[in-house]
Every structure is written in structure tokens, then in C-alpha cells.
Amino acid sequence: MADFRTGNLSVFTGVQQDIFSPSENFLTGATMKIGWDFPVEKFPFQLESVFLYNPFSHWVQEFNWGLMAKVKREHFKFQLGSGFRTYFLTQKAVRETGSHSNSRINENWNLMYLAQYNLKPDKNNWNAGITFTNTDIFLINQESNPMFNLNGRFDFNNALSIFTETWYKPAGMLNISVNYFGFFVRTGITWKIG
Amino acid sequence: MENRLIKITILLPALLACVSCDMFEMRGFVASYESADERFRQSMQWNSMNPSREIMAPTDEYSIFVMGDSHSGGTENLEQFFDIAIREKAQAIVLDGDITMGYESDFDHVEQLLPAQEAINSFLIAGNHDLYFGGWKSFYSHFGSSTYIFTVATPLATDLFICLDSASGTLGSEQTAWLKDILQTSRKNYRRCIIFTHNNVFRLRHTTSTNPPVEELRVWMELMVKFNVDFVIAGHDHVRNEEALGNTVFITMDLLQDGFDNAGYFKLFIKNGQISYEFAKI
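The sections below set out a description of the structure shown in this document.

What counts as what
- Residues numbered from 1 in each chain as written.
- Chains lettered and ligands numbered in written order.
- Predicted model: local features only at pLDDT ≥ 70, side-chain atom pairs only at ≥ 80, totals over all residues.
- Heavy atoms only, no water.
- Helix = DSSP H or I, 4+ residues; strand = E, 2+ residues; numbered from the N terminus.
- Buried < 20%, exposed > 50% of the residue type's maximum accessible area, 1.4 Å probe, protein only.
- Contact = heavy atoms within 4.5 Å.
- Pairing = 2+ DSSP bridges.
- Axes fitted to C-alpha atoms, helices over the stretch in contact; angles between N-to-C directions.
- Polar contact = N/O pair within 3.5 Å; in protein donor to acceptor, adjacent residues only side chain to side chain.

1. Remarks on the side chain of Ser 72 of chain B
All names here are of chain B.
And then number 1: Position of Ser 72 among the secondary structure elements: in the loop between strand 2 (61-67) and helix 3 (76-87).
And then number 2: Taking relative accessible area as the criterion, Ser 72 reaches 1% and is therefore assigned buried.
And then number 3: Contact partners of Ser 72, with chain neighbours within four places excluded, come to Leu 78, Ile 99, Thr 100, Met 101, Asp 106 and Val 110.

In C-alpha cells:
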């Protein structure tokens, strides 16, 4: 993953490769986010366009795009936006099923959201927080399927940080009794160059 | 400002919960009584003592009538559905989840109304409402498994019908593995393959009704397309919809609950191997 910033603009890119997974493909995700910072009175807003491609299968793949508005306060981060999802058949699937007319399904105007609370202000050299969201780097869930994470960050210096996140994913929400769906831990380092 | 944000963060999920809680058990917001895997294991235990049913159709033309979301309680529409299916000589009826509101008395009532097997074959699947108030125990004791197959054999071919339990918003890992195994090993032996499950697959309109998570849908879609599943018939969303991906048609049925203008059910016809269907109003 790489995040490039200049002035009010930022570009985030990433790819996901699965070494061990039920997926048939090695490359299972590619994303690009383009952000534009602009203050409204005292609020530092950011508008971000999101593009996400998930080639999770040789048969069916997924593409999402959307627009998010972000606002960050000392302890809080909120994101709200809307996305458009298309599941589509690959050429292999079209060829093997002979189905040319039913090659895609669209889910339009999916709500995307994130609410995060952090113990410390953003500039502190460590932080810990809790997040409620339906989006992750390579996943945009339906609005009715939120995920939760606990996250922590420690800055070794201005350039180098370590972070860790523990995610809990339930299935079922509101009208469906909650069922455990998944749990995972993500950890890594971020290195600011220049 | 920070205090206001804290209040909004706490109040918004609480408000969402209340908006959608008119027929719910609040415990469900935290945890289910049984996990999808636990229910699947019980269903398999039941299946081991009750072999899958094989229906013999006298000709290569038959129909199956399907309903979802009667939320009984009231059973006026459900009784009409049974009567029509028997009168029109359907080979089977499928009750595709949310048959009850989860109360023991609801299950008793539906069991009393359910036509005898001599009159028509009936197949029941649990939906999210059937699990409320510890409803799975009642479902299991009244109707047995919620994950199973049945077949319809005509003089020319045999068609496969798979019933899946998605009442928790997920099939769970064990049921997903079972589905994969059935499709990999058995699909080729059958002419048509139709799946019944309660939870609708795609989120095609904004409602509070919840779909399986995207990561699970990816597995679903690959299996449906790869193994040439003909239909996936679901309820849950209460409003009819039909979408196709590849050769798979994804149907969402209207609800059958009493007192709704759009109350209806679904007729599936198979004639000489060709499938047609009709949304019917009650």
C-alpha cells in the first residue's frame, strides 16, 4: 500500500494478494482512493473518491466505486458516503455458461460509513481507538453489515510507526440475530518518505 | 462539540435499533441462541435419521409452490396458500422461512395447519424470525432439519432441490462446505438445480433487512455460476425481485403475511426440463 500527498490532494493505492485463501486467485483486491482536503470553517473536511476491484474468482468479480466525506476531530473520525457495486461475470464464465445477457448485477447507492473514537489526539505519539464501519481497505460491506475494530498505533519517530487492528465481523444485524462471522488481526508498519 | 459527537455516536445506533425493533427480540442484537454451525450440525443429525425425500412425478411436468414470511401469528394467507397448492396439484410446497414469529404457540399452530404428506409434500426452512425467543428449538422439534435436499424424479430426469438455512444472515462455514460438496459431487447427476433459502442474496433496495456479508456472497455467486444452479429462491425482503447472473436467476418473493396488499407467493413450473415461474397474489 502507498499513500502519496501533495498540498490538498492525496492518493492512496493498494493491492491485496492471498497466499492461503479459499479464493482461486492470487490477486484478490486492488484499490485507489483520491482525496481532496478542504476546510469548512473550523472543520477539516476531506472528499474522497474510492475505487475498489476484487477479482476474487475466475468466474465472478466485483467492482465498487463511491464518494466519501470525511471529517476528523481531536478524538473522533467520521466518514459518510455512498457507493455503487457491480458483480460481473468474467470472460471465462460468459464463455462457459453461454450467458451474454446476464453478465452483471448492480447494487446502487450503498451507504458507506465509519465512526472512530481515539483515546488520544491524532498528533500524540501513540493512540488507541475503536471503530464502527462497513468499509475496510479491500472490502465494502452492505450498510446493514457493520464491522468493529480496536486499533492501536505507536510512532517510533516522525517517519516510522507500527499499527495493529483487531477486527470483529458479525453476520446479522437489526432484524437478524447476530451471528459470529469472522475475526482477524492486522498489523504492519507505516513509513513516511519525504 | 466533542460531547455532542459522543452523544450522537451513542444515540444513533440505539435509534437505529429502536426503529427496527417492532417484531424483534432485543437479545438478538447481541447474540443468537445457537450459531449457524450449531444449527447445521443438528440439521445433519436429523438428516441422518430421516433420509432425503424423493418425489416421483408421473409426467415430466410438475410445479412447486413457494412462500416466505407469513410471520404467523395470523394464518389466513397461509391457509389459502396450502389450499391453492393442493387444489392446483403442486408436487410440493416450500415454506421458505419466517414462517412464525418464533413463539412456541406459533409453531404449534402452523404444525396443526400443515397439510398431511398424503395431500402434498411440504418442506420447511428456518428464517430469522423463526429463531427469535429461542425459536430454533421449537422449529427443530416440530419440523426437524433446516438444511437438506430433496429430489423430484420424472420419467425423463431427476431435479435437485437444496434447502439452506440462512436464518442467521450467514450459512456458516460448515453449511457452506456441505453446499460446496453437494454441488461438486452431485450437481452433474441432476437436470435442474434449485436452491431455497430465506435470506435474499443481493441488496437491491434500501431496507433494514440484512443480507449475508459480501465475503460470503462472493462464495455463493461463484458456486451458483460455476455449478449452473438454475434458481435461488428467497424471501426476507418482503418485496419481490428477480435478477439473473449467468444462468442463475435470483428470486426474492413477496411476503405472505396477513394484512399486506402485496401478500403473495411463488409458483415454479418445470415442463420438459424447461423452467417457468409466476409471482402469484393471494
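2. Here's the deal with the sheet that holds strand 12 (residues 274-281) of chain B
Strands pair in a sheet through their backbones, by hydrogen bonds, and they do so in one of two ways: parallel or antiparallel.
Residue and element names in this part refer to chain B.
And then number 1: Reading across from one edge, 4-3-2-11-12 is the order of the five strands in this open sheet, with mixed pairing throughout. A single partner strand is all that each edge strand has here, and the edge strands are strand 4 (121-125) and strand 12. Taken pair by pair, the neighbouring strands of this sheet meet at an average axis angle of 20 degrees, ignoring direction.
And then number 2: In terms of strand pairing, strand 3 (residues 92-96) meets strand 4 through five bridges, oriented parallel.

3. Some details on the environment of Gly 246 of chain B
And then number 1: By secondary structure assignment, the location of Gly 246 of chain B is in the loop between strand 9 (241-245) and strand 10 (248-252).
And then number 2: We classify Gly 246 of chain B as buried; its relative accessible area is 2%.
And then number 3: If near-sequence neighbours (up to four positions away) are discounted, Gly 246 of chain B is found in contact with Leu 89, Ser 99 and Asn 102 of chain A.

4. Quick look at the side chain of Ser 99 of chain A
And then number 1: Tracing the chain through its elements places Ser 99 of chain A in the loop between helix 1 (91-97) and strand 7 (104-118).
And then number 2: When its relative accessible area of 4% is taken as the criterion, Ser 99 of chain A is described as buried.
And then number 3: Only 3.1 Å separates the side chain of Ser 99 of chain A from the backbone oxygen of Gly 246 of chain B, close enough to count as a polar contact.
And then number 4: When near neighbours in sequence (up to four residues on either side) are disregarded, Ser 99 of chain A contacts Leu 89 and Val 94 of chain A together with Gly 246 and Asn 247 of chain B.

5. Let's talk about the pairing of strand 5 (residues 148-153) of chain B
Residue and element names in this part refer to chain B.
And then number 1: Within strand 5, six of the six residues are buried, which leaves the element mostly enclosed by the surrounding structure.
And then number 2: Across the two faces of strand 5 the burial is the same, with Tyr 148, Phe 150 and Val 152 and Ile 149, Thr 151 and Ala 153 all buried.
And then number 3: The sheet contact formed by strand 1 (residues 54-56) and strand 5 spans three bridges and is parallel. In the strand pairing of strand 5, Met 56 is matched with Ala 153.
And then number 4: With six bridges joining them, strand 5 and strand 6 (residues 158-164) adopt antiparallel strand pairing. Paired with Tyr 148 across the two strands is Cys 163, which belongs to strand 6.
And then number 5: Between the antiparallel neighbours strand 5 and strand 6 lie four residues.

6. Details of the sheet that holds strand 10 of chain B
Residue and element names in this part refer to chain B.
And then number 1: What the seven strands build is an open sheet, ordered 1-5-6-7-8-10-9; its pairing is mixed. At either end of the open sheet lies a strand with only one pairing partner, and these are strand 1 and strand 9. Neighbour to neighbour, the strand axes of the sheet diverge by 20 degrees on average, direction disregarded.
And then number 2: As defined by bridge partners, strand 6 adjoins strand 7 (residues 193-197) across five bridges and the pair is classed as parallel. When the bridges of strand 7 are listed, Leu 164 appears paired with Thr 197.

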